[in-house]
Amino acid sequence: MHNFDFAKPSTIADAAKALAADGAQALSGGQTLIPTMKQRLAAPATLVSLTGIAEMQGVCVGDGGLHIGAATPHAVVAKEAAKHYPALADLAGGIGDPAVRSRGTIGGSIANNDPAACYPSAVLASGATVVTNKRKIAADDYFQGLFSTALEEGEFVTSVVFPIPQKAAYVKFNQPASRFALTGVFVAKFANGVRVGVTGAGNDGVFRWAEAERALSADFSASALSGLKVDPAGMNADLHGSAAYRANLVKVLTGRAVMAAG
Amino acid sequence: MPKDHGIGAPMKRREDVRFLTGRGVYTDDLALHGQAAAVFVRSTVAHGRIKSINPTKAAAMPGVLAIFTGEDFKDVGGNPAGWLINSRDGTPMREPKRPVLAHGKVRHVGDAYAAVIAETLSQAKDAAEQLADDSVIEELPAIVDMKAAVADATNRVHDEIPDNLCFDWGWIEDNRAAVDAAMKAAPHVVTLNLVNNRLVPNAMEPRASIGEYNPGTGDYKLTTTSQNPHLTRLLVAAFVLGIPENKLTVVAPDVGGGFGSKIYHYGEEALVLAAAKKLGRPVRWTAERSESFLTDAHGRDHVTKIELGCTKDGQILAIRTETLANVGAYLSNFSTATPTFLHGTLMAGPYKVPHVYVNVKTVFTNTAPVDAYRGAGRPEATFSLERVIDKMCRELNLDPFEVRRKNLLTPDQFPYTTPVGLVYDTGNYQATLDRAMAMADVAGFDKRAAASKARGKLRGMGLSTWIEACGIAPSHLVGILGSRVGLYDAATVRVNATGNLSVMVGAHSHGQGHETVFAQIVAEKLGVPESSVEIVHGDTSKIPFGMGSYGSRSLAVCGVAVTKAIDKIVAKGKKIAAHMLEASEGDITFEDGKFSVAGTDKAKTFGEIAFSAYVPHNYPLETLEPGLEETAFYDPANFTYPAGAYICEVEVDEGTGKVDVVAFHCADDFGNVMNPMVVEGQVHGGVGQGIGQALCEFTAYDENGQLLTGSYMDYPMPRAEDVPFYNVDYSCQTPCTHNPLGVKGCGEAGAIGSPPAVVNAVIDALHRGGHAHVTHIDMPVSPSRVWQAVNG
Ligand SMILES: Cc1cc2nc3c(=O)[nH]c(=O)nc-3n(C[C@H](O)[C@H](O)[C@H](O)COP(=O)(O)OP(=O)(O)OC[C@H]3O[C@@H](n4cnc5c(N)ncnc54)[C@H](O)[C@@H]3O)c2cc1C
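Novice: Which residues make up the interface of chain A and chain B, and what values go with them?
Specialist: Taken together, the contact pairs 22 residues of chain A with 25 residues of chain B. When chain A packs against chain B, the two sides together hide about 1800 Å² of surface, and 54% of this comes from carbon and sulfur. Counting the surface chain A buries against chain B, the share from its top three residues, Arg40, Arg179 and Leu239 of chain A, is 33%. Where chain A meets chain B, there are five salt bridges. A salt bridge links Glu129 of chain B to Arg40 of chain A; its shortest N-O distance comes to 3.1 Å. Counting the contacts that link chain A with chain B gives 16 residue pairs in polar contact (both at pLDDT 80 or more). Of all the secondary structure elements, the ones that give two or more residues to the side of chain A that touches chain B are β9 (167–174) and α10 (243–261) of chain A.

Now the structure itself:
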């Protein structure tokens, strides 16, 4: 690790100021950033911790659904979202291990937009709104491919607002080593239709499976998927699974998510 | 009622108290006055020519104390291979020099070509980065694939070795023609091509070393993560740096696992010693996890074709194997013994097989060195054999249990000389098979399979009847076969004046529980409480000698040395007692901690005798030296041969290809059991590792020799959720016939016997599920591979 300065503002406004400086970078749970720094692959001049900002913490129901502060650790979401949005709580409770869950945050996760991360599938499938220090961004506009998002220089996530579906479930198939999602599918059924968010599988990051959404909006049952095929061409391939295997997982897990959603 | 102390008692491990409360002291825990930090500059290419290393800038950076390159060590010795193997044509193996730091060429990613010593670790890292920038390494094409390596004579890992071949070994070469003829005549021949996957050892504690030098006395001290401190001392001192052994102490304090990877001497150990001498300060190095992945000696990595000739009803007539074994870029200390004498000699398994021939070609590649890893050669042999037998059963539609039973040696056939050079002293393989079948409720399988099916899963059952050879010995035989070391062990039993004991043992405990088990043996033999027995290990200045812990040898070799030393203590105690009790020595008996005159109530306690040995007021000084301390070296007459039967049940999820091990039954014959709880722990750990190899672990290098599985993001370790509750039994006991404890060794059994049981179970599940076209899946049988095999 190289040397760096450290700031811990207590308001969003102060954080915005600190992050405007040259070489400043946001630090939330540090579960991704700190290992990268230890390996000397990143060397920010200043780390601006977002975990001391009260307005970025916690889970509550408000306008438009469930509001989750960007600096809320996964373990807190797992506990506090359980009675409002069980599928989301479930997802949070299945991330990493207890140590990771007690530090890693939803803001850090969706800012990083790791193609194998869990949260992006929920944000997309819920049609959530990503709130930043500057604006509100619809989920469909927010994720822009592997590790990239709509966030601009100096912009950071302050909260995420999740509309609460009638039924939902997340089914994750672990990558055997990292236990991130080799493929994970989040299915959310709203009054006006079904949304399906798929993580881990696409070669351009998290995506919505439109055909499944159409089929499930007409008939919310696993059998509604039987005629569908996922094209391996759009899938990622690596040591742990071919594109064809991931295409298979997308379909299998979507069916299981529908069954789990009930 | 089970015993609560002494031999056979399930005593809790005394060492766990310090391990579990964070009071263990590992190498990196030591903080020494004036210590400096070493960081190695490691190759980022798999194969390259070192054109220049310019240390000017790095040397001028803050805190930098010294810089070393391969040039500094070019005139000292190399780290040698411990076993000379001759090729089939009688020529000796090729032995390229393994230098302290790479010189001329780098040969694998992670190969250290320079080292920086600085005041602090981060200063050393900064300077090492600079030094890497100021080094010019011309990248050469990498040699990764073994078949390509032997086919391409132009691209060489070592310039002087034209075909990248270390040796081409035949075992037993004289049997080759007879085996070929038997194979030809066999009514049925089964052929299986398989890969025994390369594994990274992943000890919980990474390697670490601290070098010290005392300019006043000229003494060196190396504190290091070793399973084998005396061997490390011998190698560093006599072979590499040329330090007299009496000027070097090697200490291996608490060591957090090794699985083989810490048997060997590594260049980092020599470097910290040389640097300590140069600077007159302690120099320390601790591997980061990525260094462990890149530079710890890896395990397995065989590509094998096995053929089995048999009758149509499953009588095995002949076995023939051809293996390419990867040794990586350099010969690690036991790398040549592992694929040969620890592998080929096991190829008859526990069966009566008249004809066996094993061919192993060992290949250099631009990858990390490969050496013994828990089981070392025996898991590879067992996997090949148990998989090909399973395949035979499927091809001939035979019952795998009955086929095993038909071919297993029977108790009346011991001692039995195999066609591959071992003499099995004793065993009862039918008994372990029966036991395992009862434990597994084989008859109830169909019911369980139906229940699995109702849950949408395919269930399968897999069997492996395995044997291994532990406690490699005797020295004169291994010497004839090419070993450059002896394979005895040693112990000193020191009875202190007040009757408590310090027992110095050559075996090294890095998780096995020696401190508990050895104390139980001493306590039982001398009739003293365990709490009065201290087991001392891991320090060459305290221990007479030792050959370390590996190959499940600690108890069967060093444990026996302890008992031999105790016998000497008792013999001397009898002399002292005879004098004190005014009886003749022949009339003294020793039992329950008391020396008595036979047929009388005259007796002296062990404590009284000890006291008298150190305060010899009433003592036969004319004929007997005072003091009560004895040393014994023990060189076994033969290997020991644990064996057993393992039955695994799996459930396969057809949708995802995921395999769950839902039951695992082990019926082992370890001979006499000293501490059942420790034995169970060893079996649990071994089977866990075996399941890891079978389902999860693999090591992938890309075509450029970059390690793709170089962190836990991509190297899949088995976790608690991947293993079932094990059902372990060791009630079938045929005590070893040639050691007085009757013990055989249990450390590696689990890792040897389990992988084929798991894979056989998966194939069984797929067959029952209608996927009969799947005849084999290479390990790891990961979800994607299962799915691919079924759907591909
Ligand atoms: C062992 C392990 C296992 C894991 N398993 C999983 C898993 O199964 N599923 C899964 O989804 N994830 C997993 N993770 C990732 C983890 O859950 C975190 O979500 C992730 O590391 C990022 O969150 P963080 O708060 O730690 O972010 P940090 O590491 O602090 O930051 C990550 C990046 O985001 C930026 N950043 C942080 N906060 C914000 C913000 N509010 N606005 C804008 N940018 C920001 C940082 O500058 C940095 O670039 C795992 C991580 C580990 C170490």
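Novice: Before we move on, could you go through the domain arrangement of chain A and cite the residues and values that matter?
Specialist: Residues and elements named next belong to chain A. Under the domain assignment, chain A is made up of domain 1 (5–49), domain 2 (54–162) and domain 3 (167–261). Between the C-alpha centres of domain 1 and domain 2 the distance comes to 18 Å. Domain 1 puts 10 residues into the contact, and the matching count from domain 2 is 13 residues. Taking both partners together, domain 1 and domain 2 bury about 880 Å²; carbon and sulfur atoms supply 66% of that area. Among the residues of domain 1 in contact with domain 2, Ile12, Ser28 and Gln31 are the three that bury the most area, contributing 54% of the side total. The interface formed by domain 1 and domain 2 contains zero salt bridges. Run the count over domain 1 and domain 2 and you get one residue pair in polar contact (both at pLDDT 80 or more).

Novice: Give a detailed account of the sheet that holds strand β12 (residues 283–286) of chain B, specifying residues and quantitative values.
Specialist: Residues and elements named next belong to chain B. What the seven strands build is an open sheet, ordered β3-β5-β1-β12-β9-β10-β11; its pairing is mixed. Each of the sheet's edge strands pairs with one partner strand only, and the pair in question is β3 (64–69) and β11 (248–251). If you compare each strand with its neighbour and ignore which way they point, the axes differ by 20° on average. Bridge count for strand β1 (residues 36–42) against strand β5 (residues 112–118) is six bridges, and the pairing is antiparallel. Bridge assignment links Val39 to a residue of β5, and that residue is Val116. Helix α3 (residues 121–133) rests against β1, β3 and β5 of the sheet, and its axis sits at about 25° to β1. Its contacts with the sheet place helix α6 (residues 229–241) against β10 (219–224) and β11, and it is angled at close to 145° to β11.

Novice: I'd like to hear about the pattern of salt bridges, residue by residue, with values.
Specialist: Residues and elements named next belong to chain B. As enumerated under the stated definition, the model contains 61 salt bridges over all chains in all. Put simply, Glu524 and Lys3 hold a salt bridge, and the shortest N to O gap is 2.6 Å. Residue Glu524 is located in helix α14 (residues 514–526), and its partner Lys3 is located in the segment before α1 (15–20); the two are separated by 521 residues in the primary sequence. Judged by its relative accessible area of 38%, Glu524 is partly exposed. The residue Asp28 makes a salt bridge to Arg284 at a minimum N-O spacing of 3.1 Å. In this pair, Asp28 is assigned in the loop between α1 and β1 and Arg284 in strand β12, connecting sequence segments 256 residues apart. The class of Asp28 is partly exposed, set by a relative accessible area of 40%. We classify Arg284 as buried; its relative accessible area is 12%.

About the cut-offs
Residues numbered from 1 in each chain as written. Chains lettered and ligands numbered in written order. Predicted model: local features only at pLDDT ≥ 70, side-chain atom pairs only at ≥ 80, totals over all residues. Heavy atoms only, no water. Contact = heavy atoms within 4.5 Å. Buried area = accessible area lost by both parts, 1.4 Å probe. Salt bridge = Lys/Arg side-chain N within 4 Å of Asp/Glu carboxyl O. Polar contact = N/O pair within 3.5 Å; in protein donor to acceptor, adjacent residues only side chain to side chain. Helix = DSSP H or I, 4+ residues; strand = E, 2+ residues; numbered from the N terminus. Domains from an automatic or database assignment. Pairing = 2+ DSSP bridges. Axes fitted to C-alpha atoms, helices over the stretch in contact; angles between N-to-C directions. Buried < 20%, exposed > 50% of the residue type's maximum accessible area, 1.4 Å probe, protein only.

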